[in-house]
Amino acid sequence: MQPPERIDNNVAQGRLRLHWADAVVALDHAALRKACRCAECQFKRHHGTPIHVPAAVRVTTIAPVGYGVQLVFSDGHARGIYPWAYLAELAAIATG
Ligand SMILES: [Zn+2]
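Since the structure is predicted, the reported quantities are computational estimates derived from the model, not experimental observations.

Q: Describe the overall build of the protein chain, listing the residues and the values that go with them.
A: Across its full length, the protein chain carries 3 helices and 6 strands. When the helices and strands of the protein chain are listed from N to C terminus, the series reads β-β-β-α-α-β-β-β-α. For the protein chain, the C-alpha radius of gyration of 13 Å lies close to 12 Å, the compact-globule estimate for 96 residues. Taken along the three principal axes of its C-alpha coordinates, the protein chain extends 40 × 30 × 25 Å.

Okay, here's the thing in structure tokens:
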């Protein structure tokens, strides 16, 4: 999957907006944090351990990793890698 042409991070609104050539999608920061697929979060999910996400959590840093981005959150969580395809998938779920 191609990377988006542009990524806007609106910290005030808690929204990440991805601009692809054929689609623009917005993702909620808290929803992204809940959807984290790092080893720690996968482990918790697998064992049914709740992942506590403050509603006011924000994406503070977006680090490109080639096939996607690494997102750093204001609660200190920084291990999540979000491939482009996964972000598109999350956006599709969010918009129904
Ligand atoms: Zn995680």
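Q: So what about the coordination of the zinc ion? Which residues, and what values?
A: Around the zinc ion, the protein supplies Cys36 (SG), Cys38 (SG), Cys41 (SG) and His77 (NE2) as donor atoms, at distances of 2.1 to 2.3 Å. Coordination at the zinc ion is tetrahedral, judged from the 4 donor atoms that bind it and the angles of 100 to 115° they form at the metal. Here the donor residues of the zinc ion are spaced in sequence according to C-x1-C-x2-C-x35-H.

Q: Can you tell me about the sheet that holds strand S1 (residues 6-10), naming the residues and giving the values?
A: With antiparallel pairing, the 3 strands of this open sheet are ordered in space as S1-S2-S3. Unpaired on one side and paired on the other, S1 and strand S3 (24-28) mark the two borders of the sheet. Averaged over all pairs of adjacent strands, the angle between strand axes in this sheet comes to 15°, irrespective of strand direction. Note: S1 against strand S2 (residues 15-19), 5 bridges, orientation antiparallel. Looking at the pairing, Arg6 lines up with His19 of S2.

Q: Please set out the packing of aromatic side chains residue by residue, giving values where relevant.
A: Under the counting rule described, the total for this entry stands at 2 aromatic pairs. Ring centres 6.2 Å apart and planes at 25° place the aromatic pair Tyr82 and Tyr86 in the stacked group. Look at Tyr82 and you get buried, because its relative accessible area is 0%. Here the basic side chain of Arg37 rests over the ring of Tyr86, its NZ or CZ set 3.8 Å away from the ring centre.

Q: Go over the nonpolar core with me, naming the residues and quoting the values.
A: Core analysis: the biggest nonpolar cluster contains 23 residues, and Leu27, Leu32, Leu71, Phe73, Tyr82, Leu87 and Leu90 have the highest contact counts within it. Those elements that provide at least two residues to this core are S2, S3, helix H1 (29-34), strand S5 (68-73) and helix H3 (84-95). No other element matches the 5 residues that H3 contributes to this core. Beyond its immediate chain neighbours, meaning those up to four positions away, Leu87 contacts Leu18, Leu27, Leu32, Val69 and Tyr82.

Q: Describe the environment of Ala91, with residues and values.
A: Turning to its location among the elements, Ala91 is positioned in helix H3. A relative accessible area of 3% means that Ala91 is categorised as buried. Ignoring anything within four residues of it in the chain, the contact list for Ala91 reads Val25 and Leu27.

Calculation notes
Residues numbered from 1 in each chain as written. Predicted model: local features only at pLDDT ≥ 70, side-chain atom pairs only at ≥ 80, totals over all residues. Heavy atoms only, no water. Helix = DSSP H or I, 4+ residues; strand = E, 2+ residues; numbered from the N terminus. Rg over C-alpha atoms; globule rule 2.2 N^0.38 Å. Donors = N, O, S within 2.8 Å, 3.2 Å for Na, K, Ca; no water. Tetrahedral: all angles 85-135°; square planar, octahedral: opposite > 155°, others 65-115°. Pairing = 2+ DSSP bridges. Axes fitted to C-alpha atoms, helices over the stretch in contact; angles between N-to-C directions. Phe/Tyr/Trp six-rings, centres within 6.5 Å; stacked < 30°, edge-to-face > 60°. Buried < 20%, exposed > 50% of the residue type's maximum accessible area, 1.4 Å probe, protein only. Lys NZ or Arg CZ within 6 Å of the ring centre and 35° of its normal. Core = buried A, V, L, I, M, F, W, Y, C linked by side-chain atoms within 4.5 Å. Contact = heavy atoms within 4.5 Å.

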